[in-house]
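Here are the chains, one letter per residue:
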Amino acid sequence: TGDIGPTGPQGVTGNTGDIGPTGPQGVTGNTGDIGPTGPQGVTGNTGDIGPTGPTGPTGPTGPTGPQGTTGATGTTGSTGPTGVTGATGATGATGTTGATGATGVTGPTGTISCTTVDFVIKSDGTDAVCSQIFDNGTNVAIGTTSPTSNYLLTLNAHGTNTKPGALSILMTSTGSLTSAINISAANQFARGYFFENTSTANAVLWGSGSLLSGTNVVSGYSAYRNGTGLSFGLYGITGTNSSYTATNVNTWAAFLKGRTVISSEDFPTSPLGVDLEIRNTTTGAAAPATLSLRQTTNLGLLNDIMADINFGDQTTTAAQARIRAIRDAASGGASDLPAALTFWTTPDGSSTIAERMRIASNGNVGINYTTPASNLVVNGTSTTGQLNKIVYVDGITYTTIQQAIDALPAEGGKVIIPQGTWTITSTININNKSNIIIEGVGAATKIINTSGNFQTFYVQNSNHIIIRDLSIIKNNLHRGIEFRNSSNNTVENCLFDSCYYGVRLSASAGEMVQNNMILKNEFKNFSQAAIYFAGNSADFSSLSYNTVEGNTIIGNGSTTLNGIVISYTDGVNIRQNTIYKAKNYGLYIQDSKNSNISNNHIDINNSGDGGIYVLFVSHFSVIANNVIKGVGAGISSGIYVSSDRVVITGNSVYKSDSDASNVWSRGIHTSGSYITLTGNLCDGNFQRSFMIDSHYSSVMGNTIINNYGSGYAIYNIGDNSRIVGNVSNAPHFISGTGTVGANNQP
């Protein structure tokens, strides 16, 4: 065959199209500034004197006049009866003490039993004995003869003294305020009180402690160590060690009246006006100043509150603004701790706080929305950047999906459908729209059609529509999603269950359906086809350059007919899809040129007619790097091409049974001209591993293995075809009229 001739000259440029309609009027500009105030007018003439006002009210009553003179004394009345005897008067003062009597005879001198120097003597009732007080003239000690030289008084509760305490002070005074110990000094070297304990035991001990054991019980300690060896500089308790309570509103473990600093520095440096400062207590830039808020119990339930930071003023003790940490999903244990942050404010004219923003545990952010399903969800209207209106099907403001779509502005926006089951009774129409996202939260957002023969979504005359993260269920009489005369649209991450067609693209005369993408969806229990393209037979370009990629299609081998069906298209890309157990065909393409079918995995599972079928006017197509498994009984081929100028390369076809008597089992079957087969593998006992009913074709570098029956490796090769470098272990290698070249290895 001769070389392809040069490209012909470019055709004449067509006429310029009509001018499009005038665009919408722009947004009204901002109102201008208010002009300056004009000059003051001339003062008018003084008005006439008004008429006399009405008579005022009667004044207050005057003061009382002076008292008159006392009248003359009347005559004395007769004497009354004698009254009751009065109480006895007070005892008179004690008289002077009498003279002292004569001194008695002196008794005998008692025995002095204390002979130790510097001990203070005491009486035991009979003799003078040594007390516990030691006085060397400079220092005084109790319980030791070795007082500390720097202290006036030394108390020792060790040694032979078995008392656990050193000093007990009983306060029984009912007079003015007194102190058990009052230390007063005016010397820079004088210090009030110091306690040191060198024990390393894990026992409860403290330097000083206080207990208010009446009403509103609290206790506090300095230099405190608990029974496990943990030590605290200051330790406060609402209650006591043995009876702690957190429910008394009149008790506090600590109260600091004034500025407070927590730091490892020797002195604070916070400025006036900072009430609490926490400074890094660990040296180094990698150790930040840290404030930790943690519950003392495990919180594992949805909406459990872990911590609050509240803001407010003296008006009320209730929070006026808040940052809250919560569980936004149930915890599954130490390795599953979903945590979210919520932000709350109080609006003007109200005293009720409300959540305004949430950072969910998955990192999504919701503004005025508590279950954000994408990176940023804004419930309301925003005019900043490219973010248009977002509408939520909340069952209150918008009760249906159609109502939410219709509420979007002309420039587009997003409709969020929360999780739940949404039953529809009519088609959800998207007509003459653009720049719209319809978004659920995944498989948990279920749209179910239980009542009629209609599409779930019908997108027509619309562009740049995205439908994602939904489940479309039980539309077994019609289509899940249909696009008509619409371009640049996307369906991704959706589940289609029990639909007649999952997704359908269709174009009639004069319509264009281009650059649409069907990505990463799952289809199951469908009846006709998971994905169906139906273009215009008179103009393949009306349905062109659409992509089907990364989808999973699961049939049942009986009522499920086809995985993907494509007809009358140009430039379709079908790649990286998984198709399992279709009754007829995994992938069926008819009258579609420039198709790219690559890296798909198709498992017929011994139940279908074929893996990939490319028929009729499907020229200039490429079938590359696909894997077809399960070719078995029945009229079936792994790949069947009945068209011209098709490249079949790098594919692998596997037969599922060992029956070579089935004359219809073929690995790759071609019919047409100018077919190129290179680097393909047929593995299994096919009757015809390669059946080439093609002329002017090339069969090069293919491999046939595990074919031990009576079938042919390469069969019925047509005229003017070349067979070069193929490898086979079949008993019959080549049949046909084509030219057998070098390096074939039967």
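Keep in mind the model is a prediction, meaning the values are calculated, not measured.

The rules behind each value
Along each chain, numbering runs from 1 in the same order as the chain's sequence is written. It should be noted that, the model being predicted, local features are given only for residues of pLDDT at least 70 and side-chain atom pairs only at 80 or more, the latter also being counted only at that level, while totals for whole chains, interfaces and linings use all residues. For side-chain calculations, the full set of non-hydrogen atoms in the structure is used, while hydrogens and water are omitted. A run of DSSP states H or I qualifies as a helix once it reaches four residues; a run of E qualifies as a strand once it reaches two. Both are numbered from the N-terminal end. For each residue, the accessible area found with a 1.4 Å probe, counting protein chains only, is set against the maximum for its type, and the residue is called buried under 20%, exposed over 50%, and partly exposed in between. The criterion used for residue contact is that any of the two residues' heavy atoms lie within 4.5 Å. In short, Shrake-Rupley with a 1.4 Å probe defines the accessible areas, and a residue's cover is counted only from the protein chains shown. Think of a salt bridge as a Lys or Arg side-chain nitrogen and an Asp or Glu carboxyl oxygen that are within 4 Å of each other. The pairing test for Phe, Tyr and Trp rings, Trp by its six-membered ring, is centres within 6.5 Å, and the orientation test on the planes gives stacked under 30 degrees, edge-to-face over 60, and tilted for anything in between. Only strands that DSSP links by at least two bridges are regarded as paired with each other. Axis definition: a line fitted to C-alpha atoms, over the contacting stretch in the case of helices. Angles run 0 to 180 degrees between N-to-C directions. Each polar contact in these results corresponds to two N or O atoms within 3.5 Å; when the atoms are within protein, one needs to be able to donate a hydrogen and the other to accept it, and residues that are neighboring in sequence are counted only if both atoms are side-chain atoms. Here, nonpolar core means buried Ala, Val, Leu, Ile, Met, Phe, Trp, Tyr and Cys residues that are tied together by side-chain atoms lying within 4.5 Å of each other. Exposure above 30% relative accessible area and no salt bridge define the residues that can form patches, which grow by joining like charges within 9 Å and nonpolar side chains of Val, Leu, Ile, Met, Phe, Trp and Tyr within 5 Å. One confidence number per residue, pLDDT, is output by the predictor and ranges from 0 to 100.

Here we look at the overall build of the protein chain
Scanning the protein chain from terminus to terminus reveals one helix and 58 strands. Expressed as a percentage of the 746 residues in the protein chain, the buried residues total 35%. Counting only contacts in the protein chain whose residues sit at least 6 apart along the sequence, the fraction spanning at least 24 positions is 50%. Split by element, the accessible area of the protein chain, about 45600 Å² in all, is 52% carbon and sulfur.

Describing the pattern of salt bridges
Under the defined criterion, the tally for this structure stands at ten salt bridges. Residue Arg 324 is joined to Asp 308 by a salt bridge in which the shortest nitrogen-to-oxygen separation is 2.7 Å. Highlighted residues: Arg 324 in strand 11 (residues 321-326) and Asp 308 in strand 10 (residues 305-311), separated in sequence by 16 residues. Residue Arg 324 is classed as buried on the basis of its relative accessible area, which comes to 13%. A relative accessible area of 31% places Asp 308 in the partly exposed class. Across the pair Glu 511 and Arg 484 runs a salt bridge whose closest N-O atoms are separated by 3.5 Å. Placement of Glu 511 in the loop between strand 28 (501-506) and strand 29 (513-514) and of Arg 484 in strand 25 (residues 479-484) is noted, with a sequence separation of 27 residues between them.

Examining the environment of Gly 233
Tracing the backbone shows Gly 233 in strand 7 (residues 231-237). We classify Gly 233 as exposed; its relative accessible area is 55%. In sequence terms Gly 233 and Tyr 221 are twelve residues apart; their C-alpha atoms lie 8.2 Å from each other. The residues touching Gly 233, leaving out its near neighbours within four places in the chain, are Tyr 221, Ser 222 and Ala 223.

So, the packing of aromatic side chains
This model, assessed by the stated rule, comprises nine aromatic pairs. Relative to Phe 134, the ring of Phe 119 lies with its centre 5.5 Å away and its plane at 75°, an arrangement referred to as edge-to-face. You can see Phe 119 sitting in strand 1 (residues 119-123) and its partner Phe 134 sitting in strand 2 (residues 128-135), a full 15 residues away along the chain. By relative accessible area, which is 8% here, Phe 134 ends up buried. Relative to Tyr 640, the ring of Tyr 613 has its centre 4.9 Å away and its plane inclined at 35°; by these criteria the two rings are tilted. On the criterion of sequence distance, the pair formed by Tyr 613 in strand 42 (residues 610-615) and Tyr 640 in strand 45 (residues 637-642) is long-range, its members being 27 residues apart.

Section: the sheet that holds strand 2
The four strands are arranged 1-2-3-4 in an open sheet whose pairing can be described as mixed. Edge positions in the sheet fall to strand 1 and strand 4 (153-155), since each of these pairs with one other strand and no more. Direction aside, neighbouring strands of the sheet carry axes that sit 40° apart on average. With four bridges joining them, strand 1 and strand 2 adopt antiparallel strand pairing. Along strand 2, the bridge assignment pairs Ile 121 with Cys 130.

Points about the pairing of strand 11
The pairing of strand 10 with strand 11 spans six bridges and is antiparallel. Residue pairing across strands places Ile 305 opposite Ile 326, the latter belonging to strand 11. Two elements, strand 11 and strand 12 (residues 340-345), share six bridges in a ladder whose sense is antiparallel. Bridge pairing in strand 12 links Ile 326 to Ala 340.

Focus on the side chain of Glu 355
The topology assignment puts Glu 355 in strand 13 (residues 354-359). Among the polar contacts made by the side chain of Glu 355, one reaches the side chain of Arg 358 at a distance of 2.8 Å. Setting aside chain neighbours within four positions, we find Glu 355 in contact with Thr 342, Phe 343, Trp 344, Asn 368 and Thr 370.

Remarks on the side chain of Thr 260
With respect to the helices and strands, the residue Thr 260 is situated in strand 8 (residues 260-262). Dropping the residues within four chain positions of it, Thr 260 is found in contact with Asp 275, Leu 276 and Glu 277.

What to know about the nonpolar core
Of all hydrophobic cores here, the largest spans 76 residues; its most connected members are Ile 438 and Phe 457. Beyond its immediate chain neighbours, meaning those up to four positions away, Phe 457 contacts Thr 427, Ile 428, Ile 430, Ile 438, Ile 447, Ile 467, Leu 470, Ile 472, Gly 480, Ile 481 and Glu 482. With ten residues, the next largest nonpolar core counts Tyr 501, Val 565, Tyr 613 and Tyr 640 among its residues.

Points about the environment of Gly 638
Considering the arrangement of structural elements, one finds Gly 638 in strand 45. Look at Gly 638 and you get buried, because its relative accessible area is 0%. Distance from Gly 638 to Ile 612, taken between C-alpha atoms, is 6.4 Å for residues 26 residues apart in sequence.

Some points on the pairing of strand 45
Judged by how many residues are buried, strand 45 sits mostly within the fold: six of six residues are covered. Relative to strand 45, strand 42 runs parallel, the two being bridged by five bridges. By the bridge assignment for strand 45, Tyr 613 is matched with Tyr 640. With five bridges connecting them, strand 45 and strand 48 (residues 666-673) associate as parallel partners. Bridging from a neighbouring strand, Ile 639 pairs with Ile 668 of strand 48.

Focus: unusual backbone geometry
For residues that are not glycine, phi is negative in most cases, and the peptide bond is trans in most cases. Here the phi dihedral of Asp 469 falls at roughly 60°; this positive angle occurs in a residue that is not glycine. Positionally, Asp 469 belongs in the loop between strand 23 (463-468) and strand 24 (471-473). Even without glycine at this site, Asp 591 takes up a positive phi of about 50°. Along the chain, Asp 591 turns up in strand 39 (residues 585-593). Judged by its relative accessible area of 10%, Asp 591 is buried.

With respect to a nonpolar patch on the surface
A cluster of nonpolar side chains, contributed by Leu 152, Leu 153, Leu 155, Leu 167, Ile 169, Met 171, Ile 181, Ile 183, Tyr 193 and Phe 195, occupies part of the molecular surface with about 1000 Å² of accessible area. Relative to the helices and strands, Ile 181 resides in the loop between strand 4 and strand 5 (205-212).

Notes on the confidence of the model for the protein chain
Here the protein chain averages 82 in pLDDT, while 81% of its residues score no lower than 70. In the predicted structure, residues 381-387 sits below a pLDDT of 50 and forms four contacts with residues beyond four places in sequence or in another chain.

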